[in-house]
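Listed below are the residues making up each chain.
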Amino acid sequence: MKNESSLIFFAGITAMLLILGAAFICMPQASFSETENRYLTNFEKPSVSGFLDTSFQDKLTKGANDQFPARDVWMKLSVELQRAIGLSDVGGVYFGKDGCYFERVLDSQISESRYLNQLRYLEQFCETSNASVTFLPVPSAGAVLADKLPKNAPLYDSDKLYGRAGQRLKQVRFLDIRPQLQKERERSQLYFKTDHHWTMEGAYQAYAAWCQENQIAPKELGYFKPKKQSDAFFGTLYSKAPVFGAKPDKLTLPMNLPGAEVSIDEKKRDGLRIIYDWEKLYTKDKYGVYFGGNFGRVDIHTGNSNGKKLLIIKDSFANSFVPFLMPHYETITMLDFRYFNESVLKLAQRERFGEALVLYEMSNFAQDMNFFKLLK
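Everything in this summary refers to the structure shown in the same document. Values in this document were obtained by computation on a predicted structure and should not be read as measured data. (Residues numbered from 1 in each chain as written. Predicted model: local features only at pLDDT ≥ 70, side-chain atom pairs only at ≥ 80, totals over all residues. Heavy atoms only, no water.)

Section: the sheet that holds strand β10 (residues 260-264)
Point 1. The 8 strands are arranged β7-β6-β15-β13-β14-β12-β10-β11 in an open sheet whose pairing can be described as mixed. Of all the strands in the sheet, just β7 (173-174) and β11 (267-268) have a single pairing partner and so form its edges.
Point 2. Bridge analysis of β10 against β11 gives 2 bridges, and the strand direction is antiparallel. The partner of Ser263 across the bridge, within β11, is Lys268. (Pairing = 2+ DSSP bridges. Helix = DSSP H or I, 4+ residues; strand = E, 2+ residues; numbered from the N terminus.)

A word on the packing of helix α5 (residues 112-129) against helix α7 (residues 158-168)
Point 1. Where α5 contacts α7, the two axes come as close as 11 Å, and the packing angle between them is 35 degrees. Between α5 and α7 lies a crossing of right-handed hand. For the pair α5 and α7, the contacting residues are Glu112, Tyr115, Leu116, Leu119 and Glu123 in the first and Lys160, Leu161, Tyr162, Arg164, Ala165 and Arg168 in the second.
Point 2. Looking at the contact of α5 with α7, its residues break down into 6 nonpolar, no polar and 5 charged. (Axes fitted to C-alpha atoms, helices over the stretch in contact; angles between N-to-C directions. Left-handed = near helix turned anticlockwise from the far one by under 90°. Contact = heavy atoms within 4.5 Å. Nonpolar A, V, L, I, M, F, W, Y, C, P; charged D, E, K, R; others polar.)

Here we look at empty space enclosed by the protein
Point 1. The tally for this structure, following the rule as stated, stands at 2 cavities of 30 Å³ or more.
Point 2. If you add up the space inside the largest cavity, you get close to 130 Å³.
Point 3. Lining the largest cavity are 15 residues, with Glu103, Ser140, Ala141, Gly142 and His196 sitting closest to its centre.
Point 4. Mapped onto the lining of the largest cavity, the elements with two or more residues apiece are β5 (101-103), α6 (141-144) and α13 (362-367).
Point 5. Looking at the lining of the largest cavity, its residues break down into 8 nonpolar, 5 polar and 2 charged.
Point 6. Around the second largest cavity, the lining residues are Cys100, Tyr101, Phe102, Ala141, Leu145, Tyr191, Phe192 and Lys193.
Point 7. Here the residues of the lining of the second largest cavity are counted per class, giving 7 nonpolar, no polar and 1 charged. (1 Å grid on protein atoms, 1.4 Å probe; cavity = no way out; pocket = protein on both sides within 12 Å on 5 of 7 lines; lining within 4 Å. Points joined across faces, edges and corners; volume = space filled by probe spheres on them.)

Looking at the packing of aromatic side chains
Point 1. Applying the stated criterion across every chain, the model contains 22 aromatic pairs.
Point 2. Taken together, a centroid distance of 4.9 Å and an interplanar angle of 85 degrees make the contact between Phe224 and Phe324 edge-to-face. Linking Phe224 in the loop between α9 (200-213) and β8 (226-233) with Phe324 in helix α11 (residues 322-325), this pair joins segments that are 100 residues apart in sequence.
Point 3. What makes Phe224 buried here is its relative accessible area of 0%.
Point 4. Three or more aromatic residues link up through ring pairs in this structure, and these residues are Tyr115, Phe135, Tyr162, Phe174, Phe337, Tyr360, Phe365 and Phe371.
Point 5. Its guanidinium or amino end placed over the ring of Phe95, Arg83 lies 4.4 Å from that ring's centre, counting from NZ or CZ. (Phe/Tyr/Trp six-rings, centres within 6.5 Å; stacked < 30°, edge-to-face > 60°. Buried < 20%, exposed > 50% of the residue type's maximum accessible area, 1.4 Å probe, protein only. Lys NZ or Arg CZ within 6 Å of the ring centre and 35° of its normal.)

A word on the pairing of β10
Point 1. Within β10, 4 of the 5 residues are buried, leaving the element largely enclosed by the surrounding structure.
Point 2. Summarising the sheet, β10 and strand β12 (residues 297-302) pair through 5 bridges and their orientation is antiparallel. Residue pairing in the sheet places Ile264 in a bridge with Val298 of β12.
Point 3. Counted along the chain from β10 to the antiparallel partner β11, the turn is 2 residues long, and its residue Asp265 has a positive phi close to 50 degrees.

Concerning the pattern of salt bridges
Point 1. One pass over the structure, following the stated rule, counts 16 salt bridges.
Point 2. Among the salt bridges present, the one from Lys228 reaches Asp231, with a minimum N-O distance of 3.9 Å.
Point 3. Overall, the relative accessible area of 45% leaves Asp231 in the partly exposed class.
Point 4. Between Lys309 and Glu351 there is a salt bridge whose closest N-O contact spans 3.3 Å. (Salt bridge = Lys/Arg side-chain N within 4 Å of Asp/Glu carboxyl O.)

In structure tokens:
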């Protein structure tokens, strides 16, 4: 009887595995996960070379994980279970109050020596570029909305990084916008709840501070005629830790902008007179509506004829900040060192930019492995 039970159990397990394996092979394979905002590994036909170099086994394992039936549902169940047992962070994401997600960045992830080198590069660039250089580090959402973090949740010491910048930068102007954001946070939603970026309102506050620093009269927010373009935005932090019942963010864009000729990596976009890529609103990556995403070099030639040219060294936080600057400049050139590999100094000297702005989220700047390109 015992042998028969064992045989039945073994046969049942074998049948279940065969059925599951057949389902993996026969069911349609997904190529992209909207929830995770990434491409998935598909099953491939076995080959002798794949077996020999173990690539087939590796892809089989990844394919089994990525093509698991109802993967999105299981992911949410997994995250909910981790929350139920008391975890306040999952996948590098904190679950804060009022449905806010926060990116988990620790002091151990930030090299102080690298950060000090970045500041030194800034000073040297200011000396050699013949441009007026401003450093505008964007505080992360956790630094501005600290009261919404989980209790005792560790986060990198942003005060220390801001203090170092204030001490080390002598020729570069240092623009600390934290007081402006703290003042405005009770009246406006400055950061998305499901994404690490700031909202249009947060970017506008930085624009107003920039104008004050440069003795420019800022346009009122109403001048830009903001318009809600989506109320179904789930950002990158949600993608890392999706849960049931999460509420999406609204995505609002400034619409009253000068017509512009936009070039991406020195290739003109045919017929593009605005900076928005509307097709991105129908994808998971809705923040990509700004310029269509991140590129090595983006040139914006507005209809202004005031001769003012601005160079921006940036991460993706600058994408929603730049529209507010368009009424004030004739040319704005943005460089993203993740994708740009040419000489910045030669470009600055050739184009004769009067001003240069370095705009990064603070922890991104401190961790940036490509910032040495500034002196290339």
